[in-house]
Amino acid sequence: MTTMTMRRRAEELDAPRAGVREWLALGVLMMPVLLTSIDNTVLSFALPQVSIALRPTGEQMLWLVDIYPLMLAGLLVAMGSLGDRIGRRKLLLIGAVGFGIASVCAAFSPTAEALFASRALLGVFGATLMPSTLSLIRNIFTHGEDRRLAIATWAAMFAGGAALGPVVGGWLLEHFWWGSVFFINVPIIAVFLVAAVFLLPESRDPRPGRIDLASIVLSMTAMLPFVFGIKQAAEHGLSDPTLIGLGVGIVSGVLFVRRQRRIADPLIDMTLFSDRVFSGAIVANLLSLMGYAGFVYFAAQFLQLVVGLSPLSAATALLPGLVVTVFAGFAAVRLVRRFPARALVSGSFGLSAAGYAIAAFVGTPTTVSIMIAFSVLGLGIGLAETLTNDLMLSSVPPHKAGSASAISETAYEVGAVLGTAVLGSILTSTYRSHLTVPAVAQWGHHDAAFETLGGTVEFAKFYPNAVGETMVRSAHQAFDLGVQLTSATAILVALSAAVVSWRTLKDA
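Note that the coordinates shown come from a computational prediction; the quantities given were computed from them, not determined experimentally.

Novice: Help me understand the overall build of the protein in this model?
Specialist: Across its full length, the protein carries 18 helices and 0 strands. Taking as baseline every contact in the protein between residues at least 6 positions apart, the subset at least 24 positions apart corresponds to 84%. Looking at the protein as shown, the accessible area adds up to about 19,200 Å², and 68% of this sits on carbon and sulfur atoms.

Structure representation (structure tokens):
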């Protein structure tokens, strides 16, 4: 541990403890976290109904999930900078109103394209909600123990939103149309708007500098084409769109970094990355969410379309794992007092790898095996999220908390995007390449009808005979193979992340 880090930790232990008002403020800050977390997972459980109602292609299905966290990731840095200038509470209030309006638009989307646009708007306004939460926590909770507990609560709320979204959404899907899942945002927004005015203190950077529009444009042109290129590579190989997307993203990313180092008022303080602990925590944060998002993507479809569970039953099957995630986050607060942070973070990735191994390679997948696998995965995710965010915040001074928080949350959303884009694309491409559709069933239907498991199972209902049974059996086998290849990839990523964490967090 460096001398500077030791000095900063000593100052945090001498800082005043939080009072009632600070903990009430934390409760208010958790509401926007809950909102964004719900919308990261709730659509996964509605995908089977969306695939039937709106008839999206396989690629559109992935984009319906991806566009929300992608817009979040692309705009978090810009919105974090805006919050520093106009006030973080003000930005939270503006974002909450916009998020509510976009939720209503999503609920009544008549086409896949309209739902895509609404999800993009949700991402835009979600980006106004996210940056202020961690930066306010860093400034409200100055004592190290209080801050660590607040961050554990922050991480637990993400898991809680992931739990609440599927369960409430599953109940809605059994009683109403698919668009009702977006209405769960409305009551949370209403409560937040009232509570935020009375309990949240205003906070802004006293010397924020000007907003650099060129940097905002470069951040977006780095994120969007790059993830598009990853998706295209997974589905179609090194095609022209793939190379163009990756090329534009990489060039924009390089130009963005160079501009941040050159201008007087950068969107991101690049000197933060010179701290190995900060950089290591960011990478670990991203990779942990990549594994989590990929698991939820295939588990929701497997439980509903292969096992045959209802949306509510499928969500309930994953609830134990989400509870374990919350428990692990709070347990990390105590464990880090006795064990090195790098050992805990590295071990958390070992648990993530074990979760995927149980899901795909320990016998034939069942509801019970998926529940156990997700619980093991959740144990690792809970430890990693609390510890990496605490390491990230504690490694920077309070006046840089806004920039650091935007980077951390960008990594969070990029991880969610990559989890669906990379792991989801492997699942989709494997499924499509190994699905066998009888010739009689292909007649009169576009190939897009069979690009997803949900679409194939639905079309099989038109053939209540051996043709339909063969089609469903082939779809299940192709999907199972896709799960195995996806899990193998996720295991390699998790084990690599464990090694990276062990090497970069030795001074934590």
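Novice: How should I be thinking about helix α13 (residues 341-361) in this particular structure?
Specialist: Because each turn of an α-helix spans 3.6 residues, side chains separated by three or four positions end up pointing in the same direction. Compared with an ideal rise of 1.5 Å per residue, which puts 21 residues at 30 Å, α13 spans 30 Å between its outermost C-alpha atoms and is within 8% of the ideal. Residues of α13 that are buried: A341, L344, V345, S346, S348, F349, S352, A353, G355, Y356, A359 and A360. Residue G363 follows α13 closely and has a positive phi angle near 70°.

Novice: Quick question: what am I supposed to make of the environment of I358 here?
Specialist: With respect to the secondary-structure elements, I358 resides in helix α13. Considering only alpha carbons, one finds I358 and S369, 11 residues apart in sequence, at a separation of 6.8 Å. Look past the residues within four positions of I358 in its chain and what remains in contact with it is S369, I372, A373 and V376.

Novice: For this particular structure, what's the right way to read the environment of E458?
Specialist: Of note, E458 is situated in helix α17 (residues 453-460). Judged by relative accessible area, E458 falls into the partly exposed class, the value being 22%. For the pair E458 and V472, spaced 14 residues apart in the sequence, the C-alpha separation amounts to 9.3 Å.

Novice: Explain the packing of helix α11 (residues 276-306) against helix α18 (residues 466-504) to me, please; I cannot follow it from the model alone.
Specialist: When two helices pack together, their arrangement is captured by the angle between the axes and the distance separating the axes. Where α11 contacts α18, the axes come no closer than 10 Å and their chain directions differ by 165°. Taken as axis vectors, α11 and α18 run roughly antiparallel relative to one another. In this structure, the crossing between α11 and α18 has a hand that is left-handed. Residues R276, V277, G280, V283, A284, L287, M290, F298, Q301, F302, L305 and V306 of α11 lie in contact with α18, whose contacting residues are H476, F479, V483, S487, V493, A497, V500, S501, R503 and T504. When grouped by side-chain class, the residues that make up the contact of α11 with α18 number 14 nonpolar, 6 polar and 2 charged.

Novice: What is the right way to read the packing of aromatic side chains from this model?
Specialist: Counted under the stated rule, the structure contains 4 aromatic pairs. Both rings, one in F295 and one in F374, keep their centres 5.3 Å apart while their planes meet at 20°; by these two values the pair is stacked. Residue F295 is located in helix α11, and its partner F374 is located in helix α14 (residues 367-394); the two are separated by 79 residues in the primary sequence. For F295, a relative accessible area of 0% corresponds to the buried category. A connected cluster of aromatic rings, assembled from ring pairs, spans Y292, F295, Y356 and F374. Taking the ring centre of W502 as reference, the NZ or CZ of R342 above it sits at 3.7 Å.

Novice: Explanation requested: the nonpolar core in the structure shown.
Specialist: Inside soluble globular proteins, nonpolar side chains tend to come together where they are buried. The biggest cluster of nonpolar side chains holds 148 residues, and the ones touching the most others in it are I137, F182, F295, F298 and I370. Per element, the largest residue contribution to this core is 18 residues, and it comes from α11. Excluding residues that lie within four positions of it along the chain, F298 makes contacts with Y356, A359, I370, L427, F479, V483 and S487.

Novice: How should the packing of helix α5 (residues 112-129) against helix α6 (residues 131-140) be read in this particular structure?
Specialist: The contact between α5 and α6 brings their axes to 4 Å, and the two run at 10°. Judged on the interaxial angle alone, α6 and α5 are roughly parallel. Across the interface between the two elements, A127, T128 and L129 from α5 touch P131, S132 and T133 from α6.

Novice: Just to check I follow, could you spell out the environment of L303 for this structure?
Specialist: Along the chain, L303 falls in helix α11. Assessed through its relative accessible area of 0%, L303 is described here as buried. Separated by 64 residues in the primary sequence, L303 and T367 place their C-alpha atoms 6.7 Å from one another. When residues no more than four places from it in sequence are discounted, the contact partners of L303 are G308, L309, A314, A317, L318, T367 and I370.

Novice: Looking at this model, I keep getting lost on the pattern of salt bridges. Mind explaining?
Specialist: A side chain with one charge may pair with a side chain of the opposite charge, provided their charged atoms come close. Evaluation of the coordinates by the stated rule reveals 1 salt bridge. In this structure, R259 engages D212 in a salt bridge whose closest nitrogen and oxygen atoms are separated by 2.7 Å. With R259 in helix α10 (residues 240-262) and D212 in the loop between α8 (185-199) and α9 (213-236), this residue pair connects regions lying 47 residues apart in the sequence.

Novice: I'm lost on the side chain of R119 in this one. Help?
Specialist: Following the sequence through the fold, R119 ends up in helix α5. If near-sequence neighbours (up to four positions away) are discounted, R119 is found in contact with D39, L43, L64, V65, I67, Y68 and F182.

Novice: Would you take a moment to explain helix α4 (residues 88-107) for this structure?
Specialist: Taking 1.5 Å as the rise per residue, α4 with 20 residues should run 28 Å; its terminal C-alpha atoms sit 28 Å apart, in good agreement. Listed as buried for α4 are R88, L91, L92, G95, A96, G98, F99, G100, A102, S103, A106 and A107.

Basis of the calculations
Residues numbered from 1 in each chain as written. Predicted model: local features only at pLDDT ≥ 70, side-chain atom pairs only at ≥ 80, totals over all residues. Heavy atoms only, no water. Helix = DSSP H or I, 4+ residues; strand = E, 2+ residues; numbered from the N terminus. Contact = heavy atoms within 4.5 Å. Areas by Shrake-Rupley, 256 points an atom, 1.4 Å probe, with all protein chains shown as cover. Expected span 1.5 Å × (residues − 1). Buried < 20%, exposed > 50% of the residue type's maximum accessible area, 1.4 Å probe, protein only. Axes fitted to C-alpha atoms, helices over the stretch in contact; angles between N-to-C directions. Parallel < 35°, antiparallel > 145°, perpendicular 65-115°, else oblique. Left-handed = near helix turned anticlockwise from the far one by under 90°. Nonpolar A, V, L, I, M, F, W, Y, C, P; charged D, E, K, R; others polar. Phe/Tyr/Trp six-rings, centres within 6.5 Å; stacked < 30°, edge-to-face > 60°. Lys NZ or Arg CZ within 6 Å of the ring centre and 35° of its normal. Core = buried A, V, L, I, M, F, W, Y, C linked by side-chain atoms within 4.5 Å. Salt bridge = Lys/Arg side-chain N within 4 Å of Asp/Glu carboxyl O.

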